Amino acid sequence: MSLVPPIVVAHPAVDRWIDRVFYSGMAIAVVAAVFAGFAPTYYLRPRYQSTPLPLYLHIHGFAFTAWVVLFIAQTTLVAARRIDVHRRLGWAGAALAALMVVAAITAAILSGRRHVAAGHGDGAFTFLTTPFLAMLVFMILVGVAVYCRRRTETHKRLMLLATISLLDAAVARWPLEIVATSAWALYVLTDLFIVAAVLYDLASRRRVHPVYMWGGLLIVAGQSLRTVLGRTETWHAIARVLLR
């Protein structure tokens, strides 16, 4: 009988196959979450509402929808092992991310001015932190993802987190009573996407990638600071200048 312990053979191909299934599943979940939130006000608006959207909101909606479509495309390309096309398309994604930030801030300011004109100044001033902090977190995650584009394990997790960081706007519009009655439910439901990614790491690798630790904390910190910062007099003074 041999006393030599058996050699454990790793199966990276199997791991990559499981990764493709997981990230494809997350991409589908993102699409479902976005459509469920924005169907009545954007995608299926004519069925639910008769008032047209302003042009700046159409641009905003188009840019963010393009990001979701690109996320699906990039995930599909990786699953199909077309990494060459994935990398070339990645630069278009970086440009789209920059457009999204501009579109989101523009939409936030113009919508805020409409709310101020309607007599809802305090609420508009407070809410303005939401798009500003959301775009700050998004920019950080995408920027680091582009910088780490050759580190596959880091890059793909950062891009997933960047996409998840945008989902609270859709979740806030889900037709659920808990979302309508709780100020924090939309963040908890959004952060379940992060929890799913963390659990997948634990199940597949027996450890959590550091990106999920600091990236997840960045998203949660941004969510937590929105209302706290938005209620300060300092922020209201800044918002008055932007929304005047």
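Residues numbered from 1 in each chain as written. Predicted model: local features only at pLDDT ≥ 70, side-chain atom pairs only at ≥ 80, totals over all residues. Heavy atoms only, no water.

As for the packing of helix 7 (residues 152-164) against helix 11 (residues 210-230)
Here comes step 1: Two numbers describe how helix 7 lies on helix 11: the axes approach to 10 Å, and their chain directions differ by 20°. Overall, the two elements helix 7 and helix 11 adopt an arrangement that is roughly parallel. Crossing angle aside, the handedness with which helix 7 passes helix 11 is right-handed. Note on element contacts: helix 11 touches helix 7 through Val211, Tyr212, Trp214, Gly215, Gly216 and Ile219, opposite Thr154, Arg157, Leu158, Leu160 and Leu161.
Here comes step 2: Class assignment for the residues of the contact of helix 7 with helix 11 results in seven nonpolar, three polar and one charged. (Axes fitted to C-alpha atoms, helices over the stretch in contact; angles between N-to-C directions. Helix = DSSP H or I, 4+ residues; strand = E, 2+ residues; numbered from the N terminus. Parallel < 35°, antiparallel > 145°, perpendicular 65-115°, else oblique. Left-handed = near helix turned anticlockwise from the far one by under 90°. Contact = heavy atoms within 4.5 Å. Nonpolar A, V, L, I, M, F, W, Y, C, P; charged D, E, K, R; others polar.)

Let's talk about the pattern of salt bridges
Here comes step 1: This model, assessed by the stated rule, comprises eight salt bridges.
Here comes step 2: Salt-bridge contacts for Lys156 lead to Asp19; the nearest nitrogen and oxygen are separated by 2.6 Å. Highlighted residues: Lys156 in helix 7 and Asp19 in helix 1 (residues 12-43), separated in sequence by 137 residues. No difference in accessibility class separates Lys156 from Asp19, as the two residues are buried.
Here comes step 3: Asp168 is paired through a salt bridge with Arg226; the nearest N and O atoms lie 3.0 Å apart. Of this pair, Asp168 sits in helix 8 (residues 168-171) while Arg226 sits in helix 11, placing them 58 residues apart in sequence.
Here comes step 4: Connected through salt bridges with shared partners, the residues Asp19, Glu153, Lys156, Arg157, Asp201 and Arg205 form a single ionic network. (Salt bridge = Lys/Arg side-chain N within 4 Å of Asp/Glu carboxyl O. Buried < 20%, exposed > 50% of the residue type's maximum accessible area, 1.4 Å probe, protein only.)

Overview of the layout of surface pockets
Over the atoms, a rolling probe the size of a water molecule traces out where space has been left empty.
Here comes step 1: The space that makes up the second largest pocket amounts to roughly 970 Å³.
Here comes step 2: Around the second largest pocket sit 30 residues that line it, and Val78, His86, Thr152, His155 and Lys156 are the ones nearest its centre.
Here comes step 3: Counting only elements with at least two residues in the lining of the second largest pocket, the list comes to helix 1, helix 3 (55-79), helix 4 (83-117), helix 6 (129-147) and helix 7.
Here comes step 4: Residue composition of the lining of the second largest pocket, by class: 12 nonpolar, eight polar and 10 charged. (1 Å grid on protein atoms, 1.4 Å probe; cavity = no way out; pocket = protein on both sides within 12 Å on 5 of 7 lines; lining within 4 Å. Points joined across faces, edges and corners; volume = space filled by probe spheres on them.)

Quick notes on helix 4
Here comes step 1: With 35 residues, helix 4 should reach 51 Å at 1.5 Å per residue; the first-to-last C-alpha distance of 50 Å fits that figure.
Here comes step 2: Maximum bend of helix 4: about 25°, positioned at Gly90.
Here comes step 3: At the C-terminal side of helix 4, Gly119 shows a positive phi close to 95°. (Expected span 1.5 Å × (residues − 1). Bend = angle between axes of the 7 residues up to and from the residue.)

Keep in mind these values describe shape, not function.
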